[in-house]
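Examination of the molecular architecture
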Amino acid sequence: MKPSTAHAALIATFRRAQADAAHKFGLIQTVAKKGPKAIQAATDAANKAAKRRDAYAKKLSDLGLGLPD
């Protein structure tokens, strides 16, 4: 079964959010040398990106679509 255009857009949005979350978690290691404020800011950004990713994953799950690999 081929997903509709709306489902395809949601899957694309999820993939972007997934990539963004992975990138932001990687930034934590990069800013580790810059001090605790930079680490906290990077951690906050990574947590927000992970929440966004999880929200899109839930929407996909609610629609009965499996998470794309």
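So, here's what we can say about the structure. Since the model is a prediction, treat every value here as computed from it, not as a measurement. (Residues numbered from 1 in each chain as written. Predicted model: local features only at pLDDT ≥ 70, side-chain atom pairs only at ≥ 80, totals over all residues. Heavy atoms only, no water.)

Comments concerning the overall build of the chain
In terms of helices and strands, the chain carries two helices and zero strands. Taken across its 69 residues, the chain has 23% of its residues classed as buried. Long-range contacts, defined here as pairs at least 24 residues apart, represent 63% of the contacts in the chain between residues at least 6 apart. Carbon and sulfur atoms provide 59% of the accessible area of the chain, an area that totals close to 5000 Å². (Helix = DSSP H or I, 4+ residues; strand = E, 2+ residues; numbered from the N terminus. Buried < 20%, exposed > 50% of the residue type's maximum accessible area, 1.4 Å probe, protein only. Contact = heavy atoms within 4.5 Å. Areas by Shrake-Rupley, 256 points an atom, 1.4 Å probe, with all protein chains shown as cover.)

Some thoughts on the nonpolar core
L10, I11, F14, A57 and L60 together form the largest nonpolar core, which totals five residues. Listed by contribution, the elements that provide at least two residues to this core are helix 1 (5-30) and helix 2 (36-62). Ranked by the residues each element gives to this core, the list is headed by helix 1, at three residues. Contact partners of L10, with chain neighbours within four places excluded, come to Y56, K59, L60 and L63. (Core = buried A, V, L, I, M, F, W, Y, C linked by side-chain atoms within 4.5 Å.)

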